[in-house]
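Summary of structural features
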Amino acid sequence: MVESTITSKGRTTIPKSVREALGVNPGDRVRYLVQGDEVRITPVRPLARLFGALKFDGPPVTLEEMERAIADGACEE
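As the structure is a prediction and not an experimental result, all values here were calculated from the model. Here, residues in each chain are numbered from 1, in the same order as that chain's written sequence. Residues qualify for local features only when their pLDDT is at least 70, as the model is predicted, and side-chain atom pairs are given and counted only at 80 or more; totals for whole chains, interfaces and linings, by contrast, use all residues. Calculated side-chain values reflect all of the structure's heavy atoms, with hydrogen atoms and water omitted.

Section: the overall build of the chain
- Counting its secondary structure elements, the chain contains two helices and two strands.
- A helix here means a DSSP run of H or I that spans at least four residues, while a strand means a run of E at least two residues long, and both kinds are numbered starting from the N terminus. Along the chain direction, N to C, the helices and strands of the chain fall in the order α-β-β-α.
- The atom set for the radius of gyration is the C-alpha atoms, and the globule formula is 2.2 Å times the number of residues raised to the power 0.38. Taking 11 Å as the expected radius of gyration for a compact globule of 77 residues, we find that the chain reaches 21 Å, considerably beyond that expectation.
- Along the longest, intermediate and shortest principal axes, the C-alpha atoms of the chain span 60 × 30 × 25 Å.
- Buried positions account for 3% of the 77 residues belonging to the chain.
- Across the chain, contacts joining residues at least 24 apart in sequence account for 3% of those joining residues at least 6 apart.
- Counted as positive: Lys and Arg. Counted as negative: Asp and Glu, with His and the chain ends omitted from the count. To locate a charge, the coordinates of NZ of Lys, CZ of Arg, CG of Asp or CD of Glu are taken. For the chain, the separation between the mean place of its 11 positive charges and that of its 12 negative charges on side chains is 17 Å. Relative accessibility under 20% of the residue-type maximum defines a buried residue, over 50% an exposed one, and the middle range a partly exposed one, all with a 1.4 Å probe and only protein chains included. By definition, residues are in contact when any of their heavy atoms lie within 4.5 Å.

Thoughts on a nonpolar patch on the surface
- A contiguous nonpolar surface patch, about 380 Å² in accessible area, is contributed by Tyr32, Val34, Val39 and Ile41.
- Looking at the nonpolar patch, the elements with two or more residues in it are strand S1 (29–35) and strand S2 (38–44).
- The topology assignment puts Val39 in strand S2. Grouping into patches uses exposed residues only, defined as over 30% relative accessible area, and leaves out salt-bridged ones; the cut-off is 9 Å for like charges and 5 Å for nonpolar side chains (Val, Leu, Ile, Met, Phe, Trp, Tyr). In these tables, accessible area is a Shrake-Rupley quantity obtained with a 1.4 Å probe, and a residue counts as shielded only by the protein chains included in the view. For this document, the term salt bridge refers to a Lys or Arg side-chain nitrogen within 4 Å of an Asp or Glu carboxyl oxygen.

Points about the pairing of S1
- Pairing between two strands is assigned when DSSP locates at least 2 bridges connecting them. Sheet topology note: the S1/S2 ladder contains seven bridges and is antiparallel. Across the sheet, Leu33 pairs through a bridge with Arg40, a residue of S2.
- Hairpin connection of S1 to S2: two residues between the antiparallel strands, including Gly36 at a positive phi of 65°.

Focus on the pattern of salt bridges
- In this structure the tally under the stated criterion is one salt bridge.
- For the salt bridge of Lys16 with Glu20, the shortest nitrogen-to-oxygen distance reads 3.9 Å. Pair noted here: Lys16 and Glu20 are both in helix H1 (residues 16–22), with a separation of four residues, about one helical turn.

Here we look at the environment of Thr12
- With respect to the element layout, Thr12 can be found in the segment before H1.
- Sequence separation of Thr12 and Ile70 is 58 residues, and the distance between their C-alpha atoms is 49 Å.
- Excluding its chain neighbours within four sequence positions, the residues that come into contact with Thr12 are Ser4, Thr5 and Ile6.

What follows is the structure, encoded as structure tokens:
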């Protein structure tokens, strides 16, 4: 269990082990989710951080091909 102290201004330092577990660095943002008497801290991941996360090894797809695939999928349901 990891602990930290709250200052008179309501501030605290997130311990290093917690920062590492969350994968956050200076300047990153965190979100607090209050559930009863417990609080969960989760990292806020900006959308730009996901750039390049998905890889596609095939040739580029045209907008028309995407629209056709969407229409075909809608017809199947």
